[in-house]
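Commentary on secondary and tertiary structure
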Amino acid sequence: MRKISFLLVVVLVLTTLIPALPVLAADEKVENTFTDTESANIVLSTADDYIKFFKHLYVWCNKTFEGQTITLAGDIVFNDTTVDGWYTKSDAKKIDGNKSEWNGFKGTFDGGNHTLKGVIVEGVWTSQYSTGLFPLVFEGATIKNLNVDGFYVCSTQTTESSRPSVGGLIGKSMSANITVDHCTLKNGIVTGVKDGTVYLSALIGGFQPGAVTDAYSRIT
């Protein structure tokens, strides 16, 4: 008993000597970091950052990000995927809309082995009528070191036109000279609306004119 009592005293003394470590609040807000579209290195920290990046590419069609690198500062949560039917919720954060202009990604997207969680993409973008986290990519594009856990990608295309394609990661590639390296997608759905006409794939919906080179990806 004496030994036990002594140890307890030592523990109590040490706890009074060690300074308390700072604790981050559970609800501490992560600030947006995507502010400069011309920077050589653009950092995305929030779901709103990713949506803004997406809009520059496929909604406003004013950037291809050629020669630029997009990186993730950490994991980004769009929606809570532990909730049943999370992608059907009326208040779910999503990327949605339609656009038929010609624009695609030419830069480097480096996820830094971080994860996009609970992403929802609904609509049709670009003149190729494609849908995905990257609806259209051009020659030289690189997407690497990215994990996607929980995703719902849905095309709203209802007529067959210009081979509409849907992919979990890339809707359509317009070149064989792109790189998809160390990307993991899991717990996802790739689909189209009822009576829709689309080509579906878990990773890349379609290619023009050939196959992807230097590709290593895992889908579970």
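Refer to the structure above for everything that follows.
Heads up: these notes are all about the structure in this document.

The rules behind these values
- Residues numbered from 1 in each chain as written.
- Predicted model: local features only at pLDDT ≥ 70, side-chain atom pairs only at ≥ 80, totals over all residues.
- Heavy atoms only, no water.
- Pairing = 2+ DSSP bridges.
- Helix = DSSP H or I, 4+ residues; strand = E, 2+ residues; numbered from the N terminus.
- Axes fitted to C-alpha atoms, helices over the stretch in contact; angles between N-to-C directions.
- Expected span 1.5 Å × (residues − 1).
- Buried < 20%, exposed > 50% of the residue type's maximum accessible area, 1.4 Å probe, protein only.
- Contact = heavy atoms within 4.5 Å.
- Salt bridge = Lys/Arg side-chain N within 4 Å of Asp/Glu carboxyl O.
- Polar contact = N/O pair within 3.5 Å; in protein donor to acceptor, adjacent residues only side chain to side chain.

**A look at the sheet that holds strand β12 (residues 204-207)**
In spatial order, the strands read β6-β9-β12; together these three strands make up an open sheet with parallel pairing. With one partner strand each, in any of the chains shown, β6 (134-137) and β12 form the two edges of the open sheet. Within the sheet, the average angular offset between the axes of one strand and its neighbour, ignoring direction, is 10 degrees. Across three bridges, β6 lies against strand β9 (residues 170-173) in parallel orientation. In the strand pairing of β9, valine 137 is matched with serine 173.

**Here's the deal with helix α2 (residues 47-58)**
Its twelve residues place the ends of α2 16 Å apart at the C-alpha level, agreeing with the 16 Å of an ideal helix rising 1.5 Å per residue. Across the twelve residues that make up α2, a large majority, nine, are buried. Within α2, burial applies to Ala47, Asp49, Tyr50, Ile51, Phe53, Phe54, His56, Leu57 and Tyr58. Where α2 is buried, its residues contact β1 (41-44), β2 (69-72), β3 (76-77), β4 (95-98), β5 (108-124) and β6.

**With respect to the pattern of salt bridges**
Scanning all chains against the criterion turns up five salt bridges. Between lysine 99 and glutamate 101 there is a salt bridge whose closest N-O contact spans 3.4 Å. By relative accessible area, which is 40% here, glutamate 101 ends up partly exposed.

**Focus on the side chain of glutamine 128**
For glutamine 128, the position within the fold is in the loop between β5 and β6. Under the relative-accessibility criterion, glutamine 128 is labelled buried at 9%. Side chain to side chain, glutamine 128 and lysine 172 meet in a polar contact 2.9 Å long.

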